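What the coordinates show
Each chain is listed here by its residues.
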Amino acid sequence: MNSRINTDSLAFLVSDCARLIRTAFERRILVAGLGLTAGEARTLMQVAAINGSRQLDIASRMGLEPMTVSAFLDKLQARGLIERQPDPLDRRAKRIVLSESAEAKLTQIDREVCEVERNATQGFGKDLQIQLHDALCAFRSNLQKAEAPAEVERELRPVD
């Protein structure tokens, strides 16, 4: 019986690279002196990606529980980096928006992200970097399309 795992399979490589890049990002954020944890920095980046998102949407995009994201948002709000505003479509929900002071912090975070990317793509020519970017965008899009029906199915399933 051959139970060896192919560590050069696409799925394994992508997973391993994601783990390594996340670790590198966490290390850079820790030593950069930004006054944020890596989780807070990632949360702030998600808020910036779609300013005005609901907490539940941010948690879903991050693959985290809403309560975990809520704790990150509490800390970001206490630092004056985000604001919680009423959702005009749902009075129970809040929209998370960047504050004016968030821009400077996002610039600092972006510098760290760029450095992690520069290290990860060392020796890559510009064409290869573009090809990798385009391939990963398509990869993500394909996976998002494949995941969508399961999300819809979960939402339509009756609660027991």
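Before reading further, recall that the structure is shown in the block above.
Criteria and cut-off values
- Residues numbered from 1 in each chain as written.
- Predicted model: local features only at pLDDT ≥ 70, side-chain atom pairs only at ≥ 80, totals over all residues.
- Heavy atoms only, no water.
- Salt bridge = Lys/Arg side-chain N within 4 Å of Asp/Glu carboxyl O.
- Helix = DSSP H or I, 4+ residues; strand = E, 2+ residues; numbered from the N terminus.
- Buried < 20%, exposed > 50% of the residue type's maximum accessible area, 1.4 Å probe, protein only.
- Pairing = 2+ DSSP bridges.
- Contact = heavy atoms within 4.5 Å.
- Axes fitted to C-alpha atoms, helices over the stretch in contact; angles between N-to-C directions.

**A look at the pattern of salt bridges**
Summed over all chains, the structure comprises 10 salt bridges. The salt bridge involving Glu40 is made with Arg79; its shortest N-O contact spans 3.2 Å. Remark: Arg79 occurs in the loop between helix H4 (66-78) and strand E2 (82-87) and Glu40 occurs in helix H2 (residues 38-49); sequence separation between them is 39 residues. A relative accessible area of 42% means that Arg79 is categorised as partly exposed. Between Arg92 and Asp90 there is a salt bridge; the shortest N-O distance is 3.2 Å. The exposure class of Arg92 is exposed, given its relative accessible area of 74%. Since its relative accessible area comes to 17%, Asp90 is described here as buried. Taken together, the salt bridges that share partners define one network made up of Arg22, Glu26 and Arg42.

**Topic: the sheet that holds strand E1 (residues 53-54)**
Taken in spatial order, the three strands line up as E1-E3-E2 in an open sheet, and their pairing is antiparallel. Of all strands in the sheet, those bounded by a partner on one side alone are E1 and E2. Alignment of E1 against strand E3 (residues 90-98), held across two bridges, turns out to be antiparallel. Its bridge partner lying in E3, Arg54 is registered against Arg95. On the sheet, H2 packs against E2 and E3 and is oriented at approximately 105 degrees with respect to E3. Packing of H4 onto the sheet brings it into contact with E2 and E3, and relative to E2 it is tilted by some 115 degrees.

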